[in-house]
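# Observations on the model geometry
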Amino acid sequence: QVELVESGGGLVQAGGSLRLSCTASGRPFSRYGAGWFRQAPGKERESVAAISWSGSNTDYADSVKGRFTISRDNAKNTMYLQMNSLKPEDTAVYYCAAGSTLRTVLAGTVDYWGQGTQVTVSS
């Protein structure tokens, strides 16, 4: 069993930045692919970014490429999402997730979910 806890959400003006953190406990986090998802009001949950076991491979949704950076520190059992140049359309609840690989996480095959953290971007 792996437990995931997100932090770092909040309210920020358009053009600002936030860094989300996801801390894992339980089984070794280094053995899992991981990623971030978000769900906006009235929208389906969507993948934002994913990262491989070692952090050597990453994948981003087209809407966030060049603005968001996913990273992980396995020694600290923590994953991060650095969000820059935030836009109002980035407003959503952001969830961290862990699965077998980057590819399976992207496909929605997720073994563990965090509870989510709210990100609100004002215009």
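This report concerns the structure included in the present document.

## Examining the packing of aromatic side chains
Taken as a whole and judged by the stated rule, the model has three aromatic pairs. Between Tyr-32 and Tyr-112 the ring centres are 5.8 Å apart and the planes differ by 80°, which places this aromatic pair in the edge-to-face class. Taken together, the residues Tyr-32 in the loop between strand S3 (18–26) and strand S4 (33–39) and Tyr-112 in strand S10 (residues 112–113) connect sequence positions 80 residues apart. By the burial criterion, Tyr-32 is buried, and Tyr-112 matches it. One aromatic cluster in this structure is built from Phe-37, Tyr-95 and Trp-113. Stacked on the ring of Phe-37, the Lys or Arg Arg-45 has its end atom at 6.0 Å from the ring centre.

## A short note on the state of the cysteines
Tallied over the entire structure, the rule returns one disulfide. Disulfide pairing places Cys-22 opposite Cys-96 at an S-S distance of 2.2 Å. A torsion of 60° about the S-S bond marks the disulfide between Cys-22 and Cys-96 as right-handed. Of this pair, Cys-22 sits in strand S3 while Cys-96 sits in strand S9 (residues 92–99), and the two are 74 residues apart along the sequence.

About the cut-offs
Residues numbered from 1 in each chain as written. Predicted model: local features only at pLDDT ≥ 70, side-chain atom pairs only at ≥ 80, totals over all residues. Heavy atoms only, no water. Phe/Tyr/Trp six-rings, centres within 6.5 Å; stacked < 30°, edge-to-face > 60°. Helix = DSSP H or I, 4+ residues; strand = E, 2+ residues; numbered from the N terminus. Buried < 20%, exposed > 50% of the residue type's maximum accessible area, 1.4 Å probe, protein only. Lys NZ or Arg CZ within 6 Å of the ring centre and 35° of its normal. Disulfide = S-S within 2.5 Å.

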